[in-house]
Amino acid sequence: GLEALRYNTTGSDNAATGRYALQSNTTGNSNTANGVSALRANTTGNFNAATGRDALGSNTTGNSNTANGWGALFSNTTGSSNTANGDDALGSNTTGYSNTANGTSSLKRNSTGYANTADGVDAISRNTTGNYNAALGNLAGRDILTGSNNIAIGYNAQVPDGTADNQVRIGNIDVSYAGIQVAWTITSDRRWKSAIT
C-alpha cells in the first residue's frame, strides 16, 4: 500500500498491508498491520498486531497490543498488552495497559485505566481511569466511570455508583428471581480482619 513501512530503518519481521500501514515505523520489530493507517504512528513498538482502518493508529512505543476492528485501540500511544476486538473497542486508550475489550465500543472511553475486562457491546464503555473492572454482557458496566474493582454480569447490569469501588451487580433491574442451590459462605479469615481483641 502507498507509503506502507515508508520510514523503516532497522526494524525487522514487520508486515504492512494498506495505505500508510506502519508508515512511521523505524526500529520496531515483529509488527503486523492490515488496513489503512493501521499502526501508522508506530516507531519503536514491538509485537503489535492491528487489523482494520486506523487500528492502533496512534501507537508509538506500546508493545504486545492486538487490535481488530475499525479504530480499535486508535488512541493508544504507550499502553502495552491490550487486546481490543470490535470497532472502536478501547478507542480512547492512551497509556492504559493489560485491558481486554471484546465487542463494539467496549471500554471505548478508557484512557489510562488498566487491567479491565469487558465482554459485550458497549461493556464498560464510559470508564476513563478505573482499574480492575470486569463486565460480561451487552451494556454491562456501562455506567462505571472512574470506579475500580467492580463487577457487572448480565445484559445492562449496572453497579449502584459509577465512581465507587468494590461493587458487584448480577443482572439488570428487570431480574425478578435469583437463586442458588446452597447457602452463600461469608469468608472468615484473620488476614482480612482488623482491630482484633
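Predicted model, so just to flag it, every value in this text is computed and none were measured.

Novice: Any chance you could explain the overall build of the protein here in plain terms?
Specialist: A tally of helices and strands in the protein yields 0 helices and 10 strands. When the helices and strands of the protein are read in sequence order from the N terminus, they spell out β-β-β-β-β-β-β-β-β-β. With respect to the principal axes defined by its C-alpha atoms, the protein has extents near 65 × 40 × 30 Å. Considering the protein as a whole, with its 197 residues, one finds that 41% of them fall into the buried category. Expressed as a percentage of contacts within the protein between residues at least 6 apart in sequence, the contacts between residues at least 24 apart total 0%. Working note: accessible area of the protein is about 9900 Å², and carbon and sulfur atoms make up 52% of it.

Novice: When you look at the packing of aromatic side chains in this model, what are you seeing that I'm missing?
Specialist: Working definition: an aromatic ring pair is given by the centre-to-centre distance plus the angle between the planes. Considering all chains together, one arrives at 2 aromatic pairs under this definition. Ring geometry for Tyr-97 versus Tyr-114: centroids 4.8 Å apart, planes at 0 degrees, classification stacked. In this pair, Tyr-97 is assigned in the loop between strand 5 (83-85) and strand 6 (100-102) and Tyr-114 in the loop between strand 6 and strand 7 (117-119), connecting sequence segments 17 residues apart. We classify Tyr-97 as partly exposed; its relative accessible area is 41%. Ring geometry for Tyr-114 against Tyr-132: centres 5.4 Å apart, planes inclined by 85 degrees, an arrangement best described as edge-to-face. Of the two residues, Tyr-114 sits in the loop between strand 6 and strand 7 while Tyr-132 sits in the loop between strand 7 and strand 8 (134-136), which places them 18 residues apart along the sequence. Joined through ring pairs, the aromatic side chains of Tyr-97, Tyr-114 and Tyr-132 make up one cluster. One Lys or Arg, Arg-40, reaches over the ring of Tyr-20 and ends 4.0 Å from the middle of that ring.

Novice: What is the right way to look at the environment of Ala-152 in this model?
Specialist: Inspection of the secondary structure puts Ala-152 in strand 9 (residues 151-153). Considering only alpha carbons, one finds Ala-152 and Ala-140, 12 residues apart in sequence, at a separation of 5.7 Å. Ignoring sequence-local partners within four residues, the contact set of Ala-152 consists of Ala-134, Ala-135, Leu-136, Ala-140, Gly-141, Ala-157 and Arg-169.

Novice: Help me understand the sheet that holds strand 2 (residues 32-34) in this model?
Specialist: Strand pairing in a sheet is mediated by backbone hydrogen bonds. Such pairs are either parallel or antiparallel. Within the open sheet, the 10 strands sit side by side as 1-2-3-4-5-6-7-8-9-10. Their pairing is parallel. The open sheet has two edge strands with one neighbour each: strand 1 (15-17) and strand 10 (168-170). Recorded for the sheet is a direction-independent mean angle of 5 degrees between the axes of neighbouring strands. In this structure, strand 2 lies alongside strand 3 (residues 49-51), joined through 3 bridges in parallel fashion. The residue of strand 3 that forms the bridge with Asn-34 is Thr-51.

Novice: Teacher, can you tell me more about the environment of Asn-156 here?
Specialist: Following the sequence through the fold, Asn-156 ends up in the loop between strand 9 and strand 10. Given the relative accessible area of 26%, Asn-156 is considered partly exposed. A C-alpha to C-alpha distance of 9.8 Å links Asn-156 and Ala-135, two positions 21 residues apart in sequence. The contacts of Asn-156, once residues within four sequence positions are left out, are Asn-138, Leu-139, Ala-140, Arg-142 and Asn-172.

Novice: I'm lost on the side chain of Asn-59 in this one. Help?
Specialist: Residue position: Asn-59 is located in the loop between strand 3 and strand 4 (66-68). A polar atom in the side chain of Asn-59 sits 3.2 Å from the backbone oxygen of Gly-62. Not counting residues within four places of it along the chain, the set of residues in contact with Asn-59 comprises Leu-39, Ala-41, Asn-42, Thr-43, Asn-48, Asn-65, Asn-76, Thr-77 and Gly-79.

About the criteria used
Residues numbered from 1 in each chain as written. Predicted model: local features only at pLDDT ≥ 70, side-chain atom pairs only at ≥ 80, totals over all residues. Heavy atoms only, no water. Helix = DSSP H or I, 4+ residues; strand = E, 2+ residues; numbered from the N terminus. Buried < 20%, exposed > 50% of the residue type's maximum accessible area, 1.4 Å probe, protein only. Contact = heavy atoms within 4.5 Å. Areas by Shrake-Rupley, 256 points an atom, 1.4 Å probe, with all protein chains shown as cover. Phe/Tyr/Trp six-rings, centres within 6.5 Å; stacked < 30°, edge-to-face > 60°. Lys NZ or Arg CZ within 6 Å of the ring centre and 35° of its normal. Pairing = 2+ DSSP bridges. Axes fitted to C-alpha atoms, helices over the stretch in contact; angles between N-to-C directions. Polar contact = N/O pair within 3.5 Å; in protein donor to acceptor, adjacent residues only side chain to side chain.

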